[in-house]
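Structural overview
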Amino acid sequence: QVQLVESGGGLVQPGGSLRLSCKASGSIFMINDMAWYRQAPGKQRELAATITRDGRTNYADSVKGRFTISRDNAKNTVSLQMNSLKPVDTAVYYCYAAVIVSLPYRLLEVWGQGTLVTVSS
């Protein structure tokens, strides 16, 4: 009923930058919180950054000052600008959205399929 499609992953050298994007589509009435999570090989999924509908952001300590999350409510998109990337940032990055769908109105927690970011020389 609602899909999140991510794009922008890939291979980047240490110190480089990447921008991830995620677009929601479907029977969307409104999107509340959006976020980016990541899961490194052999580790649990962890929160990288969140953003509320009115633009308040929160970051994991490990990415603070290097990553910036933003959203466009009119387009139902969320982005993650990643700068000064390190090998430890290598992970599959997942988009998340708390979506209110219409008819009937209810809240769904929706995940994207993930996009791989590899930081290596």
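Residues numbered from 1 in each chain as written. Predicted model: local features only at pLDDT ≥ 70, side-chain atom pairs only at ≥ 80, totals over all residues. Heavy atoms only, no water.

1. With respect to the overall build of the protein
Check the secondary structure of the protein and you find zero helices and eleven strands. Counting helices and strands in the order they occur from the N terminus, the protein gives β-β-β-β-β-β-β-β-β-β-β. The C-alpha atoms of the protein give 14 Å as radius of gyration, which agrees with the globular expectation for 121 residues (14 Å, within 12%). Projected onto the principal axes, the alpha-carbon positions of the protein cover approximately 50 × 25 × 25 Å. The burial tally for the protein puts 41% of its 121 residues in the buried class. The long-range fraction of contacts in the protein, counting pairs at least 24 apart against all pairs at least 6 apart in sequence, stands at 57%. About 6400 Å² of surface is accessible on the protein, with carbon and sulfur atoms providing 50% of the total. (Helix = DSSP H or I, 4+ residues; strand = E, 2+ residues; numbered from the N terminus. Rg over C-alpha atoms; globule rule 2.2 N^0.38 Å. Buried < 20%, exposed > 50% of the residue type's maximum accessible area, 1.4 Å probe, protein only. Contact = heavy atoms within 4.5 Å. Areas by Shrake-Rupley, 256 points an atom, 1.4 Å probe, with all protein chains shown as cover.)

2. Some remarks on the packing of aromatic side chains
For the coordinates displayed, the defined rule picks out four aromatic pairs. Measuring from centroid to centroid gives 4.9 Å for Phe29 and Tyr105, while their planes differ by 75°, and the two rings are edge-to-face. With Phe29 in strand 4 (residues 28-39) and Tyr105 in the loop between strand 9 (91-101) and strand 10 (106-111), the pair connects residues that are 76 residues apart, well separated along the chain. Looking at Tyr105, the relative accessible area reads 53%, which means it is exposed. Here the aromatic cluster, defined as three or more aromatic residues joined through ring pairs, consists of Tyr37, Tyr96 and Trp111. In this structure, Arg45 packs its charged tip against the face of Tyr94, placed 3.7 Å from the ring centre. One residue, Arg45, lies across the ring of Trp111, its end atom 4.8 Å from the ring centre. (Phe/Tyr/Trp six-rings, centres within 6.5 Å; stacked < 30°, edge-to-face > 60°. Lys NZ or Arg CZ within 6 Å of the ring centre and 35° of its normal.)

3. Focus: empty space enclosed by the protein
Tallying each qualifying case throughout the model produces one cavity of 30 Å³ or more. Taken as a whole, the largest cavity spans an internal volume of roughly 30 Å³. What lines the largest cavity is simply Ile31, Met34, Arg53, Arg71, Asp72, Asn73, Asn76 and Thr77. Secondary-structure elements contributing two or more residues to the lining of the largest cavity are strand 4 and strand 7 (67-72). Residue composition of the lining of the largest cavity, grouped by class: two nonpolar, three polar and three charged. (1 Å grid on protein atoms, 1.4 Å probe; cavity = no way out; pocket = protein on both sides within 12 Å on 5 of 7 lines; lining within 4 Å. Points joined across faces, edges and corners; volume = space filled by probe spheres on them. Nonpolar A, V, L, I, M, F, W, Y, C, P; charged D, E, K, R; others polar.)

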